[in-house]
Amino acid sequence: MNREGRDMETEQLYVDDSYLREFDATVVRAGPRLVVLDRTAFYPEGGGQPTDHGTLEAGGEKHSVVKVMRRGPQIFHYLDGDIPDGAAVHGVIDWERRHGFMRLHSGEHLLTGLFEAADSGPKVFSSFSQLDFKPSPLDEETVQGVRRRFDEIVDMDIPIRIFYTDREELDVGDDERKQSFLEKMPPDVERLRMVEIGDYALTFCMGTHVKRTGEIGRLKGITLEPKKKRRKIVYFEL
Ligand SMILES: [Zn+2]
């Protein structure tokens, strides 16, 4: 493990190109079954998106990447074997897995935006199959309205745009979830990466997304948890 490698920030290739499936990099820090690279296309677990899987090849030997985690400025790749410090590696992302996550994650953005526009109350939890709002006046009619709108926007196949904005210019209103995200963000992060789906969804996010709504695909199902009073839970399948 060299001294420089200990602190070197990993360049995150997936931020500018979510569709990058293969890349070349150099090991800047190595441990038992673990490497840090100077650059990576592997997305680390976080922001509701699970870890990427794939392979790293070094010296003619291929190793499985079983987990990817962010630790401070670096991204740790956990492997099924050892790769020495300084080695040149070729990384390949398990694309089927990643693209599935990109679809689900982008779909979650769109659904959230549509529910927010339908005055469903603040979102307090979300995953690839569930959105929770509290307090919320959400009813079945609104859920079905959102479903129709979602499928229409998928059929319209509109672009999903990524751009950057100054942190100071961002207004998240009274959304406590977004407020707490911003508070937890290190003060030196001055520019925020925004994800915009037409007029329907806009939020800051570092995750990986598909390029157009058509790629998300229509909803296979959506249901409202009937027993809850204040906290409304929506289950969905894409
Ligand atoms: Zn996102």
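Right above here is the structure, for reference.
A few points on the structure. Please read all numbers here as calculations on a predicted model, not as lab measurements.

1. Regarding the coordination of the zinc ion
1) Next: At 2.0 to 2.1 Å from the zinc ion lie its protein donor atoms, namely His105 (NE2), His109 (NE2), Cys205 (SG) and His209 (NE2).
2) Next: Angles of 97 to 124° at the metal separate the four donor atoms of the zinc ion, which places the site in the tetrahedral class.

2. Details of the environment of Asp80
1) Next: Residue placement: Asp80 occurs in the loop between strand S7 (74-79) and strand S8 (88-93).
2) Next: Considering only alpha carbons, one finds Asp80 and Arg33, 47 residues apart in sequence, at a separation of 6.0 Å.
3) Next: Non-local contacts of Asp80, meaning those with residues more than four positions away in its chain, are made with Arg33, His63 and Ser64.
4) Next: A distance of 3.4 Å separates polar atoms of two side chains, one belonging to Asp80 and the other to His63.

3. Details of the nonpolar core
1) Next: Grouped together as the largest cluster of nonpolar side chains are 31 residues, with contacts concentrated most on Leu111, Phe115, Phe150, Ile222 and Val234.
2) Next: Looking at this core, the elements that each hand over two or more residues are helix H3 (95-117), strand S10 (130-133), helix H4 (140-156), strand S12 (191-197), strand S14 (221-224) and strand S15 (232-237).
3) Next: Of all the elements, H3 adds the most residues to this core, at eight residues.
4) Next: When neighbours within four sequence positions are excluded, Phe150 is seen to be in contact with Gly107, Leu110, Leu111, Leu114, Ile216, Gly217, Arg218, Leu219 and Leu238.
5) Next: Listed in part, the 22 residues of the second largest apolar core include Tyr14, Phe42, Ile83 and Val89.

4. Details of the packing of aromatic side chains
1) Next: Tallying each qualifying case throughout the model produces six aromatic pairs.
2) Next: Seen from their ring centres, Phe76 and Tyr78 are 6.4 Å apart, and the 40° between their planes marks the pair as tilted.
3) Next: What makes Phe76 buried here is its relative accessible area of 10%.
4) Next: Residue placement shows Arg71 over the ring face of Phe76; its charged tip is 6.0 Å from the ring centre.
5) Next: If you follow Lys211 out to its NZ or CZ, it ends over the ring of Tyr19, 4.3 Å from the centre.

What counts, and where the lines are drawn
Residues numbered from 1 in each chain as written. Predicted model: local features only at pLDDT ≥ 70, side-chain atom pairs only at ≥ 80, totals over all residues. Heavy atoms only, no water. Donors = N, O, S within 2.8 Å, 3.2 Å for Na, K, Ca; no water. Tetrahedral: all angles 85-135°; square planar, octahedral: opposite > 155°, others 65-115°. Helix = DSSP H or I, 4+ residues; strand = E, 2+ residues; numbered from the N terminus. Contact = heavy atoms within 4.5 Å. Polar contact = N/O pair within 3.5 Å; in protein donor to acceptor, adjacent residues only side chain to side chain. Core = buried A, V, L, I, M, F, W, Y, C linked by side-chain atoms within 4.5 Å. Buried < 20%, exposed > 50% of the residue type's maximum accessible area, 1.4 Å probe, protein only. Phe/Tyr/Trp six-rings, centres within 6.5 Å; stacked < 30°, edge-to-face > 60°. Lys NZ or Arg CZ within 6 Å of the ring centre and 35° of its normal.

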